[in-house]
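Read off the chains here:
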Amino acid sequence: MTRKLHIKTYGCQMNVYDSARMTDVLLPLGYQVTDHPDDADMVILNTCHIREKAAEKVYSELGRLNRTKQYRQDQGLDMILAVAGCVAQAEGDEILRRAPFVDLVFGPQTYHNLPEMIARTSRQGGTVLNTDFTVEAKFDHLPETTADSGALDGASAFLTVQEGCDKFCAFCVVPYTRGAEFSRRPAEILEEAHRLVDLGVKEVTLLGQNVNSYHGLSGDEHEWGLGRLIRATSEIAGVERIRYTTSYPADVDDALIAAHRDVEQLMPFLHLPVQSGSDRILKAMNRRHGADDYRALVERLRAARPDLALSSDFIVGFPGETDDDFKATMKLVEDIGFIQAYSFKYSPRPGTPAATLENQIDEALKGERLAILQESLNAQQLAFNKSCVGSVMPVLLDRLGRKAGQMVGRSPFMQPVHVTAPEELFGTIVGLCIEEGKANSLAGSLSEGDISSSRNPKQHKENAA
Ligand code: 5AD
Ligand code: SF4
């Protein structure tokens, strides 16, 4: 009998990867993926604990699902309701208290045990709670990725190489929910990359909470850093594009910078969270870099790869942030020039050091600062998108658009690009003439021209002019 599975994913790309791997675990049990929770015999919420808003969403969704579950039970149908991910890890007991109708609660490191957990809840009823913490065991026990799992978003796939974090930024829950740093072995990662290519993948994104702290042990017990891993990945025939995320500025080493210089497939786009432009706040945040360290690092990266474009994360209203601190952040934004960014109001998270600091910032002031910062970041993004108009960009077409004949792809700089193109081009990299640059995306048309000369849109535009 086939049973239906619905997974709703919140938060970061690590969760997207984990949801896909949960599917890999459940397909052999006879589950099939459905987009509709109402039809599902099993619903998993793969949750995020990073900010309060993200965590609270889970409880309102659970309320809705409880009604669905009861409705199905009235019709003689069962539904297993599971909470996975970082909320499960951080507040398993709270979930049991606030949502006792949940059947399974399990953290990010235990989902390889799903078959056993499902059997246990079916046998004995009540909630099964599993929030152990050994990452090694998970990767040793996961089945191989399949084309059906959803790890493949068109021709682009995530590959987790590293998990957990030992940095303990004062605001962040990740070290508590994902645990200590752990790097997978290079051979295991490269095998997974080979497999993805065999399944039609052209772009691999190496994932980790702190991906550039990667230090995997090779067969001869040598430590590999991320730079070396990127080089080895680029040698796999069929890997046309490589990305990695998320990086920690203080851990960008020479080998990684050299990879940006030498590895053609490594895309010229880097998400490098800075959080603040004030040294005082960066210190209070327990970041291991100052604002000028960040500036110098960006300079070195750009020297290695002149067309490198940057995105970042910012937090405004960290405890004690003054107007001058905030101005320093605005100055950094101006100095660097980001093509995209995520910015947040500081959200105190239980159990983190910053949550108990006394000099918390007023919510209204956080809101004002966020609006000012976002205006500047949005303007930079729009200016960059507009500067692309007139260039030809290689775009990986990996999503179907809403209208017939429309497709959406990704530029080297991660911009979504809309185009009308024949369906047989789906999953390929095509040259697109960029005709429009909007707030969050580009629009283009198929180009006959050579796409290899268009690494830098600005430069290309000048050439064309
Ligand atoms: N409040 C606001 N933003 C946060 N982030 C992490 N923790 C918090 C918090 N407590 C942001 C950081 C991080 C991104 C993933 O989320 O900017 O880089
Ligand atoms: Fe959180 Fe800092 Fe670790 Fe990133 S580096 S996951 S922000 S503790």
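Reading the values: the criteria
Residues numbered from 1 in each chain as written. Chains lettered and ligands numbered in written order. Predicted model: local features only at pLDDT ≥ 70, side-chain atom pairs only at ≥ 80, totals over all residues. Heavy atoms only, no water. Helix = DSSP H or I, 4+ residues; strand = E, 2+ residues; numbered from the N terminus. Rg over C-alpha atoms; globule rule 2.2 N^0.38 Å. Buried < 20%, exposed > 50% of the residue type's maximum accessible area, 1.4 Å probe, protein only. Contact = heavy atoms within 4.5 Å. Areas by Shrake-Rupley, 256 points an atom, 1.4 Å probe, with all protein chains shown as cover. Near = heavy atom within 4 Å. Polar contact = N/O pair within 3.5 Å; in protein donor to acceptor, adjacent residues only side chain to side chain. Nonpolar A, V, L, I, M, F, W, Y, C, P; charged D, E, K, R; others polar. Core = buried A, V, L, I, M, F, W, Y, C linked by side-chain atoms within 4.5 Å. Pairing = 2+ DSSP bridges. Axes fitted to C-alpha atoms, helices over the stretch in contact; angles between N-to-C directions. Expected span 1.5 Å × (residues − 1). Arc of directions from axis to C-beta.

Chemist: Would you take a moment to explain the overall build of the protein for this structure?
Modeler: Summing up its helical and strand segments, the protein has 14 helices and 22 strands in all. The C-alpha radius of gyration of the protein comes to 23 Å, within 12% of the 23 Å expected for a compact globule of 465 residues. With the C-alpha coordinates of the protein rotated into their principal frame, the extents come out at 70 × 60 × 50 Å. Each of the 465 residues in the protein was classed as buried or not, and the buried ones make up 55%. Counting contacts in the protein only where the partners sit at least 6 residues apart, residues at least 24 apart contribute 73% of the total. Approximately 20100 Å² of the protein is accessible, and the part contributed by carbon and sulfur atoms is 50%.

Chemist: Would you mind showing me how to read the site of ligand 1 here?
Modeler: In the vicinity of ligand 1, the contacting residues are I50, R51, F171, Q275, D313, I315, F344, K345, Y346, S347 and R349. Note that an oxygen atom of ligand 1 is positioned 2.6 Å from one of the side-chain N or O atoms of D313. Starting from 410 Å² of accessible surface for ligand 1 in isolation, the protein chains cover 87%. When contributions to the shell around ligand 1 are tallied by element, the ones reaching two or more residues are β16 (309-316) and β17 (340-345). Split by residue class, the shell around ligand 1 holds five nonpolar, two polar and four charged.

Chemist: When you look at unusual backbone geometry in this model, what are you seeing that I'm missing?
Modeler: The step from T245 to T246 runs through a cis peptide bond, and the omega angle for that step is 0 degrees. Position of T246 among the secondary structure elements: in the loop between β14 (241-245) and α9 (254-262). Of note, the phi angle at E221 is positive, near 60 degrees, even though the residue is not glycine. Structurally, the position occupied by E221 is in the loop between β12 (216-217) and β13 (223-224). In this structure E221 comes out as partly exposed when scored by relative accessible area, which is 48%.

Chemist: How do you make sense of the nonpolar core when you look at a structure like this?
Modeler: Across soluble globular proteins, you tend to see nonpolar side chains buried next to one another. Ranked by size, the top nonpolar core spans 51 residues in total, and within it L206, L226, L229, I230, Y244, F314 and F338 carry the most contacts. Of the residues forming this core, the biggest block, six residues, is contributed by helix α11 (residues 291-304). Once residues within four sequence positions are removed from consideration, Y244 is found in contact with T205, L206, V211, L226, I230, L256, H260, L266 and L270. Listed in part, the 24 residues of the second largest apolar core include M14, I80, F106 and V128.

Chemist: In this structure, what is going on with the sheet that holds strand β15 (residues 269-271)? I would like to understand it.
Modeler: Each strand in a sheet pairs with another by means of backbone hydrogen bonds, the pair being arranged parallel or else antiparallel. Strand order across the open sheet formed by three strands is β15-β16-β17, with parallel pairing between neighbours. With partners counted over all chains shown, the strands left at the sheet margins are β15 and β17, one partner each. Each adjacent strand pair in this sheet contributes to an overall mean axis angle of 10 degrees, direction not counted. Judged from the six bridges that link them, β16 and β17 form a sheet pairing that is parallel. Across the sheet, S311 pairs through a bridge with Q340, a residue of β17.

Chemist: Looking at this model, I keep getting lost on helix α7 (residues 186-198). Mind explaining?
Modeler: Each full turn of the α-helix corresponds to 3.6 residues, which orients residues three or four apart in the same direction. Here α7 contains 13 residues, and its C-alpha end-to-end distance of 18 Å stays within 8% of the 18 Å for a straight helix at 1.5 Å per residue. Within α7 the residues assigned to the buried category are P186, I189, L190, E192, A193, L196 and V197. Along α7, the residues classed as buried sweep out an arc of 155 degrees about the axis, all on the same side. Turned more than 90 degrees away from the buried face of α7 sit A187, E191 and D198, all of them exposed. Backbone geometry just after α7 places G200 at a positive phi near 105 degrees.

Chemist: I would appreciate a short explanation of the side chain of K69 in the present structure.
Modeler: Tracing the backbone shows K69 in helix α2 (residues 52-74). On the basis of relative accessible area, K69 is assigned to the buried category, the value being 7%. Reaching out from K69, the side chain makes a polar contact with the backbone oxygen of M79 at a distance of 3.3 Å. Polar contacts involving the side chain of K69 include one to the main-chain carbonyl oxygen of F101, which spans 3.3 Å. The contacts of K69, once residues within four sequence positions are left out, are M79, L81, F101 and D103.

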